[in-house]
Amino acid sequence: MAVEQQILFAGFGGQGVLAMGQFLAYAAMGIGKEVTWVPSYGAEMRGGTANCQVTISDEEISSPLTENPGSIVVMNRPSLDKFENKVKSNGTIVINSSLVDRVPEREDVTVYQIPANSIAEAMGNVRGANMIMLGAYLHMTGPVKVEEALEHFDAIFKGKKPAVIERNRQAFMTGVEWARNNQ
Amino acid sequence: MAVEQQILFAGFGGQGVLAMGQFLAYAAMGIGKEVTWVPSYGAEMRGGTANCQVTISDEEISSPLTENPGSIVVMNRPSLDKFENKVKSNGTIVINSSLVDRVPEREDVTVYQIPANSIAEAMGNVRGANMIMLGAYLHMTGPVKVEEALEHFDAIFKGKKPAVIERNRQAFMTGVEWARNNQ
Amino acid sequence: MDRVLMKGNEALAEGAILAGCRGFFGYPITPSSEIAEYMARKMPTIGGVFVQAESELAAINMVYGGSSAGFRVMTASSGPGISLKQEGISFLSEGELPCVVVNVSRGGPGLGGIQPSQADYFQATRGGGHGDYHTIVVAPSGVQEMMDLTMQAFYWADYHRIPVMIMLEGTLGNLMEPITVREPVTEFVDKPWATNGCKDRAPNVMNTLHLDSDFLEKRNHHLQAKYEKIQQECKRAETFMIEDADIVIVAFGLMGRIAKKSVSEARKQGVKAGLIRPITLWPFPDDVIKSAAQTAKRFLSVEINMGQMIEDIKLAIEGRVPVEFYGRIGISPNPEEISRQIINIAAREGWI
Amino acid sequence: MDRVLMKGNEALAEGAILAGCRGFFGYPITPSSEIAEYMARKMPTIGGVFVQAESELAAINMVYGGSSAGFRVMTASSGPGISLKQEGISFLSEGELPCVVVNVSRGGPGLGGIQPSQADYFQATRGGGHGDYHTIVVAPSGVQEMMDLTMQAFYWADYHRIPVMIMLEGTLGNLMEPITVREPVTEFVDKPWATNGCKDRAPNVMNTLHLDSDFLEKRNHHLQAKYEKIQQECKRAETFMIEDADIVIVAFGLMGRIAKKSVSEARKQGVKAGLIRPITLWPFPDDVIKSAAQTAKRFLSVEINMGQMIEDIKLAIEGRVPVEFYGRIGISPNPEEISRQIINIAAREGWI
Amino acid sequence: MAKGTVHFVEDRCKACGLCIEFCPRDVLEFDNESINILGYHPVVLTKPESCTGCAICGLMCPDLVITVEKE
Amino acid sequence: MAKGTVHFVEDRCKACGLCIEFCPRDVLEFDNESINILGYHPVVLTKPESCTGCAICGLMCPDLVITVEKE
Amino acid sequence: MKTVFQKPKSLQDNKFHYCPGCTHGIIHRLIAECLDEMDIREKTIGICPVGCSVLAYDYFNFDTLEAAHGRAPAIGTAIKRLLPDRFVFTYQGDGDLASIGMGEIVHASLRGEKITTFFINNTLYGMTGGQMAPTTLLGQVATTCPYGRKAEWEGYPAHMAELLAGNEGAAYICRTAVNSPANVMKTKKAIKKALEVQQRGLGFSMVEILSTCPTNWGLNPVEAMKWMEDKMFPTYPLGEFKCVE
Amino acid sequence: MKTVFQKPKSLQDNKFHYCPGCTHGIIHRLIAECLDEMDIREKTIGICPVGCSVLAYDYFNFDTLEAAHGRAPAIGTAIKRLLPDRFVFTYQGDGDLASIGMGEIVHASLRGEKITTFFINNTLYGMTGGQMAPTTLLGQVATTCPYGRKAEWEGYPAHMAELLAGNEGAAYICRTAVNSPANVMKTKKAIKKALEVQQRGLGFSMVEILSTCPTNWGLNPVEAMKWMEDKMFPTYPLGEFKCVE
Ligand SMILES: Cc1ncc(C[n+]2csc(CCOP(=O)(O)OP(=O)(O)O)c2C)c(N)n1
Ligand SMILES: Cc1ncc(C[n+]2csc(CCOP(=O)(O)OP(=O)(O)O)c2C)c(N)n1
Ligand code: SF4
Ligand code: SF4
Ligand code: SF4
Ligand code: SF4
Ligand code: SF4
Ligand code: SF4
Ligand SMILES: [Mg+2]
Ligand SMILES: [Mg+2]
């Protein structure tokens, strides 16, 4: 069986969690992988939590869903609480430490802490926390390399205004930068 | 098996064919028989043909329907054409000869001819042809005796105006009378 | 008791009133309209409510309201009208709202015709609406049963908190025969859940929305448990000469009654025939079928459709005995027609 | 061909357009609304018609009109909305009007929830509407199939003159994956029966009323003959490792795809598992099931409901092999959950 | 005064009497002597000389029984 | 001028700003220092002395955050 | 002599199944005459309702569809949108249009669908045997209001022409009757005008036509005409309610 | 100090799930206040729609039902007929009432059902994500009229208050808004009046309330209030359209 990676992105609705997963899906497709992206909605219609699962593989993907993702990227505390125990052994937990005020209890996983909201506020782009997180995540452990993702940046944001793309690229790169400096 | 009689009444819609069958059903119930009455509608919504089947028995009736009734009472020509061949061997065909301009071809059945409409016109009650027919039919061959039917006359027409009941009784008796004189 | 000559549809309507039905909400459609007309005459005289709804949709939702208010309520329709009620029936099922829905069936699909039919069997027994639910479905075969099963339907509806469907061929609605009129029901099931004003208690809510998947799953398991209980308790069938039967006819409704005569006729001709007449279509009396399958050599499903109940027979028999089908459309086969069919099979199989 | 990352609902809508669909009539309901929204954006740009109908009833009747006018047309809805369309679907079936009806299923019964569900299986395969009819029902399992089966659906609809239903779990509508976008369809079936103005020909009539019972019966036999032809020609299923399987999982839609992983997982654990994924739910691929039943020791139906397709499996197997059921409600089980189930059965039966 | 005449597809007449009621010249009547295929006494023109061909009978006939001619 | 005061169920405030917008005395503001359970900066009374207890804030608050008292 | 009155081409040569004196027949003919005169028979698609005129497809001599009860306007909407140069009309009874089909007709008029509706108001359900309709008059007896319609119980008659005229998408709304030669002529004019409104693409058009049901009214056809005038006119005044130019 | 403003008894103490600034919340409270003031909480049965206010049963503190989309008036009809001394109201959005539920609301008003309807007009389908409603303004963008509503394609906005006021069974019909303190007060008066009309058995009553949907309008709550006044008021003038005494 081919290597299959499954990543779960989770956070509040409005934090851009679904977009993070889609970004990764586009990037993975860009480098010729098989990929699926699937959102899951909470019980609440709005507010509430949002999450999505991305599966990346060299072969046809049978199940886009899993109970036990290899990595989780959590943007807020409730998401960590909910998904910490689901991560596979030897998996990865990436945490937005600005909004998560605890560390994981699991000892069999690798943990990365990224203060995405603080970085975002610092760079004056409060809505950019998700791209910062993504940049940092990809640099540190991502299934797609930062350079590869950057190659497909314009394609991913196709149809968006240049200014928007630029703002996202900056946030993404700030995340990458932060990761480089803090690893 | 108990003796079970099945009679089919057929004619144009508006000739009071269904009422004839209901009358017989009430009368049969009156004398303690098991009885079913079931109408059948033609394809047309109005105009068209109407017919009903009455089953009278001493025991519980399983099927209220039959392909081959023992007797048929036909009020018009199309009904004779349609049902003549359905009557059981040794059965009975009662014909409203005012509106049926042919005699049955079957030789294995008993045929009665009653000029119901002419009698009705003669007595000045054009809508009374069905009761005339019924009176004659019961007198000649009916599964319920005329006297028995008369006993339940008021019950059968319960709720109707006395004048209406009287008009019906007269028509009925005129039919009986005619049958007495012409048998 | 005195016997009264009554039409099937009238006996059904009167049975409902005797059972305490005090709300009828309907939209006319042949061959069911007589039931509404009877209710329109009677309800005002007994302090009940008759509303001619603007549509079948409105009618079934009036049933939803009336039942939720704690009353015994009913609607009646046919073919296209029953299809229009499917959303409402699904809601009633999940709301566990007792009520009676009458389908005086007509020929389909589409506008079809007003002829007798049993082509809505799947719709009635498999749930024509969305989601996992069942309604109890009863199929009377004569005028007395029209009254009695209607009263039973109201009881089951309240007792199990479930919509009950009464399904019959149009012919049966028009059939007249003498029946014994029953006593009015005087004891009723309590309905503490009714939304009739929250005086002296906490508010009641009648709701079928469950956005939380765990809760939705729980609700479905709750319903399923109820359906299993009903399957234990409510299966009903009439059997006739099946003990030694080589061939067992299965037929329901008036059709079942007609088939009885065919069975007698076949017996006269030396064929060991028997009859199972399911009285409840859901729950389907598979137990009777199963046990008959231990001795019978063959089953014949007779339906006024293209073959629907036959699936339930097959599911009950699990391949142990062959099941054949005889069906007509838009017409109740005559007893003679069916006995010919039975005799043909017997001849073909070399039993006679 | 370049691959494009697309959402299931979008791929379905785009597939319809590629297949020549030029009329979409719908009423919003989660989780189907994206299809309408896609059509609202696209139709005006390609000379097509998008109408947001006032209700699901109006929508399905617009489909009736549009199809009768000779166009490829579609509607999409979910749960309660599909129930509301049942009268219309029965009419479309009897009118033999080609069209595509999409059910992006949600949890039921009642208002239920917007979670993934397969609880409308009975409704889809047994005809939730009145009368004897069938629609072809296809169940895609991925985004590519969302496009491809939609195009196939339009072809089958025209070719067999039948409504085709596409049924999927809500999750699949939102699933994104890379697909190959197909070429637009350029060859179409002639529709001399279309009611589009009687210039140079005798008037056409689109009618489902048949008051004459003989004719009604004839029509039903005609439909039945067509359904048999479709059963000959259109059954589709994907199979995976069933040749030597002790236990065969049967699952459809996205669920079927998920189960594939469970089968692989079970194989890793030494259980000879296999998968049959019905692609057409009606006609049900009973042939594949039947032949698998000759070697398999056990079947497991995995559904997102309380057990519906299991009846079709049983009808196909006729009691030769036991059939078990594993179901969830309001949630797509994970592959791990199902493989656990498979392994448990294997352990219980002493196969491992 | 204009001169006209009317023709009937006799077997379609349902004897509703609307033509008789509305004919301004009172020239139509039921033919009590004959019964048509539908079982009704169809309408006939009793005073052909008085018919003006005004076509009101045709206008009011629900069953397209009548054709009207005029000089 | 009448004297009043307002109390907030802080954790229900969604920071829609309607109370601020409609308060005739301009005495309400978002508290940028605190974040409530819903993730919003809730509203606070900044000039308690100027509140008249007119209850307009309560009237316009869609989320029943506000109780108003008056002397 | 030349023929001044005969069957229009847009009608087939079939006997109507209607009861004696039922004015459905007159209305069928008027529609057919208008189509003939406008020479649009081959471009017309008629949508028949569920009601006594359910078999209208056997009479009209152009393309027709039989609709599900009440849904004709939805069907018409789709056909007209997909074939904008055709003429599309619906023919609907008061049960069909004003009861079960209320949603569809109100929305077709709101959307300004360029179709024409002929609305046959005979105050009850003819086909199913005389049940109450939304248009049944106060006091009138029907099988489902056996004690006479009371506002308190069964509510008030629906005034469909007035109701729809208020919708902006409605371009032409008119109520006529077929109880007299003059009114029949006026009805024909209204039918023609409605079709012309469709031709000019002005919006939705409807002619509400007061029609008799001798059978279920329990009157002979001539009495029925008088009853219409005496009883229906006060509740349903004739006239144009909307006429966009 | 005495409390001059607080949560009414007829509301439960639950957090609303509505978006920030959504005026559904204000309207819930106004209804609850009126029930409190009339002291009829225990005799009231509320029927909630399918729409953003689908969970209203979690907020109202009296008996409630969750209706199928659009059918609340039918449900209310049955309850009120069977329990004539109770107060029955429906709470319905514009998709619920004016689109799928058009038939039910028109007929409830025609029949003069003694129920009260609160009709929340926010010009679109909030719950399902901003699709067009019959009340969407001309030119307004929604997800199913992405190019802005054009009369030619999507037809004209439905004026429900005007439409229903024409029906004889309607006793009180009024349109109000909740965009300002004064209008909120007027809305409350109208709600009270409608309930009093029900109490007096005068017939059907409805208050159409213009409400905001900041989320799907893409505006912040304060802007949304202004937008309502600027854009909605011209199409939907406030006022009493019917008031039978
Ligand atoms: C969905 C549905 N409901 C009910 C019916 C039964 N039905 C047939 S015609 C009709 C009413 C006809 O009345 P109307 O529209 O006034 O026409 P009329 O017969 O008076 O010309 C009804 C209720 C049906 N065919 N389909
Ligand atoms: C039969 C049916 N059709 C469609 C839906 C989906 N649906 C849910 S809410 C809604 C519209 C809500 O809009 P509105 O009534 O205006 O209420 P709002 O959310 O704007 O308050 C729709 C179409 C449904 N639940 N049931
Ligand atoms: S054409 Fe005129 S005058 Fe002649 S019969 Fe007819 S109505 Fe009378
Ligand atoms: S109007 Fe026509 S159908 Fe009526 S009586 Fe005259 S000719 Fe006959
Ligand atoms: S009570 Fe009046 S003055 Fe005080 S905060 Fe509220 S709105 Fe402002
Ligand atoms: S109106 Fe209410 S919810 Fe909005 S900001 Fe003020 S207190 Fe908070
Ligand atoms: S029942 Fe009434 S409407 Fe129908 S054909 Fe007869 S007279 Fe005409
Ligand atoms: S979507 Fe609109 S109507 Fe719904 S809660 Fe949010 S703001 Fe209110
Ligand atoms: Mg009518
Ligand atoms: Mg809305």
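Cut-offs applied
- Residues numbered from 1 in each chain as written.
- Chains lettered and ligands numbered in written order.
- Predicted model: local features only at pLDDT ≥ 70, side-chain atom pairs only at ≥ 80, totals over all residues.
- Heavy atoms only, no water.
- Buried < 20%, exposed > 50% of the residue type's maximum accessible area, 1.4 Å probe, protein only.
- Helix = DSSP H or I, 4+ residues; strand = E, 2+ residues; numbered from the N terminus.
- Pairing = 2+ DSSP bridges.
- Contact = heavy atoms within 4.5 Å.
- Buried area = accessible area lost by both parts, 1.4 Å probe.
- Salt bridge = Lys/Arg side-chain N within 4 Å of Asp/Glu carboxyl O.
- Polar contact = N/O pair within 3.5 Å; in protein donor to acceptor, adjacent residues only side chain to side chain.
- Nonpolar A, V, L, I, M, F, W, Y, C, P; charged D, E, K, R; others polar.

Novice: Let's hear about the pairing of strand β12 (residues 273-278) of chain C: which residues, and what values?
Specialist: Remember that side chains alternate between the two faces of the sheet whenever the strand is regular. Residue and element names in this part refer to chain C. In terms of burial, β12 is largely enclosed, as six of its six residues are buried. Along β12, one buried face is formed by A273, L275 and R277 and the opposite face, lined by G274, I276 and P278, is buried too. Two strands pair when backbone bridges link them, and strand β10 (residues 237-240) and β12 are joined in this way by four bridges, in the antiparallel orientation. What sits directly across from F240, in β12, is L275. Here strand β11 (residues 247-250) pairs with β12 via four bridges, running parallel. Bridge pairing links V250 to I276 in β12.

Novice: Describe the interface of chain H and chain C, and please don't skip the residues or the numbers.
Specialist: Facing 30 residues of chain H, the contacting portion of chain C comprises 37 residues. Between chain H and chain C, roughly 2600 Å² of surface is buried when both sides are summed, and carbon and sulfur atoms account for 64% of that area. Of all residues in chain H, E42, D63 and L82 of chain H give up the largest surface area on contact with chain C, accounting jointly for 25% of the area buried on that side. Linking chain H with chain C are two salt bridges. E54 of chain C is the salt-bridge partner of R111 of chain H, the closest N and O atoms lying 2.7 Å from each other. On inspection of chain H and its partner chain C, the count reaches twelve residue pairs in polar contact (both at pLDDT 80 or more). Breaking the side of chain H that touches chain C down by element, the ones donating at least two residues are β2 (44-48), β3 (63-66), α2 (72-82) and α4 (102-110) of chain H. When residues of the side of chain H that touches chain C are assigned to their parent elements, the largest contribution, seven residues, is made by α2 of chain H. Residue classes in the side of chain H that touches chain C are distributed as 14 nonpolar, seven polar and nine charged. Examined bridge by bridge, strand β9 (residues 205-206) of chain C and β3 of chain H share two bridges and lie parallel to one another.

Novice: Can you break down the pattern of salt bridges residue by residue, with the values?
Specialist: This model, assessed by the stated rule, comprises 116 salt bridges over all chains. Between R72 of chain C and D158 of chain C there is a salt bridge, and its shortest N-O distance comes to 2.7 Å. In this pair, R72 of chain C sits in the loop between α3 (56-68) and β4 (73-77) while D158 of chain C sits in helix α7 (residues 143-160), placing the two residues 86 residues apart along the sequence. By relative accessible area, which is 6% here, D158 of chain C ends up buried. Between R126 of chain D and E311 of chain C there is a salt bridge, with the nearest N and O atoms lying 3.1 Å from each other. With R126 of chain D in helix α6 (residues 121-126) and E311 of chain C in helix α12 (residues 309-317), this pair bridges two chains. E311 of chain C shares its class with R126 of chain D; the two are buried. Three or more residues joined by partner-sharing salt bridges are found here, namely E60 of chain A together with E145, E238, K260 and R277 of chain D.

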